[in-house]
Structure formats: structure tokens, C-alpha cells
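Structure at a glance
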Amino acid sequence: MAAPRTGLVALALVIVYIVWGSTYLGIRVVVEEAPPLTSMGMRYGLAGLLLGAFIAARRGVKAIALTRKQVVGTAFLGLCLPLLGNGMVSVAEDHGATSGFTALLIAVAPLVIVIFRAIEHDMPNAQTLAGVLLGFTGLAVLVLLGRGAGDFALGPALLILFSSSCWAFGSYVQPRLWLPANPFVVAVWEMVFGGLMMVILGLSVGESFTFDYAPKTWFALSYLVIFGSVVAFTAYVWLVANAPISLVATYAYVNPVIAVFLGWLILDEKITWPIAAGGAIVVASVALVITSERKHPPAAAAPAEPPVVEQIAKQ
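Summarised in this report is the structure supplied together with it. (Residues numbered from 1 in each chain as written. Predicted model: local features only at pLDDT ≥ 70, side-chain atom pairs only at ≥ 80, totals over all residues. Heavy atoms only, no water.)

**Topic: a nonpolar patch on the surface**
Judged by side-chain polarity, Phe 261, Trp 264, Leu 265, Ile 266 and Ile 271 come together as a nonpolar surface patch covering roughly 510 Å² of accessible area. Turning to its location among the elements, Leu 265 is positioned in helix α11 (residues 251-266). (Patch = residues over 30% accessible without salt bridge, like charges linked within 9 Å, V, L, I, M, F, W, Y side chains within 5 Å. Areas by Shrake-Rupley, 256 points an atom, 1.4 Å probe, with all protein chains shown as cover. Salt bridge = Lys/Arg side-chain N within 4 Å of Asp/Glu carboxyl O. Helix = DSSP H or I, 4+ residues; strand = E, 2+ residues; numbered from the N terminus.)

Right under this line is the structure:
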């Protein structure tokens, strides 16, 4: 393949940086009026159907067909990533967690993956371990000191940490699941199954979704469907195939910064000193871990494609 133009790489990177960083803001706007689980379920369901229709139109319906085992694998990803990994984020934001604070707590997911590796006796190198310890120090500053400063309630913070752990677990076991070879097809069914489960759960707990919402709610939901789940994901897939993975991976510690900035700029979310200090430590630790892992990949490294699939449901 010919090397892509630098301008295209930069454009795709900016899309991933800004759009994925802004999804936490979009969720916050939606849940101010709409129920969290059913609205996010609609988001993922619609995004999956749009992406699936595009693939079917280009390659035929058989291109998105699944075997029985692949149904199980993609449904499990839908449970861990869209439902538990993102649905619980929407519930936490519905209960008062700010978009910037949420993004900073979600940023610890790469650190949790390192812990799962260590449990399976795949011990990371010293630099990675140092990054993990640094990250959890930042987490302590965010949660303990931030709570003391009245930045948030403990319940939403714990729910976000739970969702981040579910996201990390789903990402970690993803290479072991029965999945289609095409990452776009995986994303289609992961979003469809996850969205369906969210809608069912939302309705079962008494949520009621209507169409009588303000224009800003519909705009934010449409933005999440089209840009957050389809456009940015396509840009990410293209980047993985055309740019150094060390460059692509920088989104993991740029997104929280974008989220905090947009929350402050648009929603007037306060940036207190625990959020600033703890957030800076968490972002630095994630950068340290990602840099270390790129220099010293795990002994049982996953195939090149799984990281693409692992990111679609996070935002």
C-alpha cells in the first residue's frame, strides 16, 4: 500500500481525538432529559444497523452473517462493552457525575488490563508496573480528595470504576472469543446486541423513552450515533491500518483532556484541584503504560486487529 498523506492521518487523528473525547459531553446532555439505558441502547442499536446496512450494501448480506458461536462471542462483547462498559457510564452521568470526571475515571481501563495480565502470570515490565502504580495514585487523588472537595458522590464514581473494569475485562478476553474476522462486522453485532440488551434492561427497570424531548437532546443523541459510533470508529480503523500504532494509541490519554475541556467550556463543569491534579496523574500514567507496552509488547500479544474492535463501545 502507498503511504497515506500526512494530512489524511492528521485529519483522522483529530476526528478520533475530538469526537471520542466529546462523547462524554454528548451522554451528559442526553441523560439530562432522556433515560440513560434506553437512550444509549437506541444509540448503539441504530449505529450498528447503519454500519451493518453499509457493509451489506457494499459486500452483500452474507458479509455480516454470523455462526452460532459468533453470536455468542459478539453478544458477550455487547454485554461487557456497550452495556456494562458504557451503559453504566450513562447511568452514572444521570446521577450527577460530570463528563470530564467520568472520562478521567474511564481512562484507567488500560491499567486494569495490565492487572488482568498479571493475574494470568503475564507479568508486565517495570515501566508498565510503575505506570499502573502511578495511575492508581491519581485515581486515589480523584476519588478520595475529589469526594472530600464535594466534586461528586461516591456512588456514581464507583459505578464508573465498575464500568471501566467491565470494559477492560471485555477488551482483555476479546481475542479468546469466537468472532468474525472482519472487525467492522464484529462492531456491527456488538453494538446491535449491546443496544438491544440496554433497551431491554432500561424498560425492565421502569425507564420510559418518549419522542417529546428538546432539540438539544435529539441533536446530542444523533451526534453520538453518527459521529461518536460510526464516523470516529471508521477513522480509527483507517488509522490502525495506515499510521504507527504508537501514534494511534495517543487517543487514550488525549480523549480525557478533550472531555474535561469541553465539559468546562460548554457545560460549565468546574475543574477543581483534585480533578486537575488527579486527572493529570492518570493521563500521564496511561501515556507511560502505552509507551512501555509499545516498546515491550506482551509475550502472548493479541493479533493486530483486536484493538480496533476493543474501542468501538467505549465512546
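**Topic: empty space enclosed by the protein**
Scanning all chains against the criterion turns up 3 cavities of 30 Å³ or more. Roughly 50 Å³ of volume is contained in the second largest cavity. Elements supplying a minimum of two residues to the lining of the second largest cavity: α4 (99-106) and α11. Take the lining of the second largest cavity: its biggest share by element is 3 residues, from α11. Partitioned by chemical class, the residues of the lining of the second largest cavity number 5 nonpolar, 3 polar and 2 charged. (1 Å grid on protein atoms, 1.4 Å probe; cavity = no way out; pocket = protein on both sides within 12 Å on 5 of 7 lines; lining within 4 Å. Points joined across faces, edges and corners; volume = space filled by probe spheres on them. Nonpolar A, V, L, I, M, F, W, Y, C, P; charged D, E, K, R; others polar.)

**Some words on the packing of helix α1 (residues 6-31) against α11**
As a packed pair, α1 and α11 sit with axes 7 Å apart at the nearest point and diverge in direction by 55 degrees. Overall, the two elements α1 and α11 adopt an arrangement that is oblique. Read as a crossing pair, α1 and α11 show a hand that is right-handed. Between α1 and α11, the residues in contact are Val 16, Tyr 17, Ile 18, Trp 20, Gly 21, Ser 22, Tyr 24 and Leu 25 and Tyr 251, Val 254, Asn 255, Ile 258, Ala 259, Leu 262 and Ile 266, respectively. When its residues are assigned to classes, the contact of α1 with α11 shows 12 nonpolar, 3 polar and no charged. (Axes fitted to C-alpha atoms, helices over the stretch in contact; angles between N-to-C directions. Parallel < 35°, antiparallel > 145°, perpendicular 65-115°, else oblique. Left-handed = near helix turned anticlockwise from the far one by under 90°. Contact = heavy atoms within 4.5 Å.)

**Details of the environment of Tyr 24**
Mapping Tyr 24 onto the fold places it in helix α1. Between the C-alpha atom of Tyr 24 and that of Pro 256, which follows or precedes it by 232 residues, the distance is 9.2 Å.

**A few points about helix α2 (residues 36-59)**
With 24 residues, α2 should reach 34 Å at 1.5 Å per residue; the first-to-last C-alpha distance of 34 Å fits that figure. Downstream of α2 by a residue or two, Gly 60 has a phi angle that is positive, lying close to 95 degrees. (Expected span 1.5 Å × (residues − 1).)

**A word on the packing of α1 against α2**
Interaxial distance between α1 and α2 falls to 10 Å at its minimum, and their mutual angle equals 130 degrees. The angle between α1 and α2 falls in the class oblique. Along this stretch, α1 crosses α2, giving a crossing that reads as right-handed. Where α1 approaches α2, its residues Thr 23, Ile 27, Val 30 and Val 31 are matched on the opposing element by Pro 36, Ser 39, Met 40 and Arg 43.

**Side note on the pattern of salt bridges**
For the structure shown, the criterion picks out 1 salt bridge. The shortest N-O distance in the salt bridge between Lys 216 and Glu 32 comes to 3.3 Å. Here the residue Lys 216 occupies a position in helix α9 (residues 215-242), and Glu 32 occupies one in the loop between α1 and α2, the gap between them amounting to 184 residues. A relative accessible area of 44% means that Glu 32 is categorised as partly exposed. (Buried < 20%, exposed > 50% of the residue type's maximum accessible area, 1.4 Å probe, protein only.)

**Description of the nonpolar core**
Counting 89 residues, the largest nonpolar core has Leu 105 and Leu 239 as the members making the most contacts within it. By residue number, the principal contributor to this core is α1, which donates 13 residues. Leaving out residues up to four positions away in the same chain, Leu 105 has contacts with Leu 139, Leu 142, Val 143, Ala 157, Ile 160, Leu 161 and Ser 164. (Core = buried A, V, L, I, M, F, W, Y, C linked by side-chain atoms within 4.5 Å.)

**Remarks on the packing of aromatic side chains**
Applying the stated criterion across every chain, the model contains 15 aromatic pairs. Plain terms: the ring middles of Trp 20 and Tyr 251 are 5.6 Å apart, the flat faces sit at 65 degrees to each other, and that makes the pair edge-to-face. Separated by 231 residues along the polypeptide, Trp 20 in helix α1 and Tyr 251 in helix α11 bring together distant segments of the chain. Exposure remark for Tyr 251: the relative accessible area of 6% places this residue in the buried category. Over the aromatic face of Tyr 172 sits the side chain of Arg 176, whose NZ or CZ is 4.5 Å from the ring centroid. (Phe/Tyr/Trp six-rings, centres within 6.5 Å; stacked < 30°, edge-to-face > 60°. Lys NZ or Arg CZ within 6 Å of the ring centre and 35° of its normal.)

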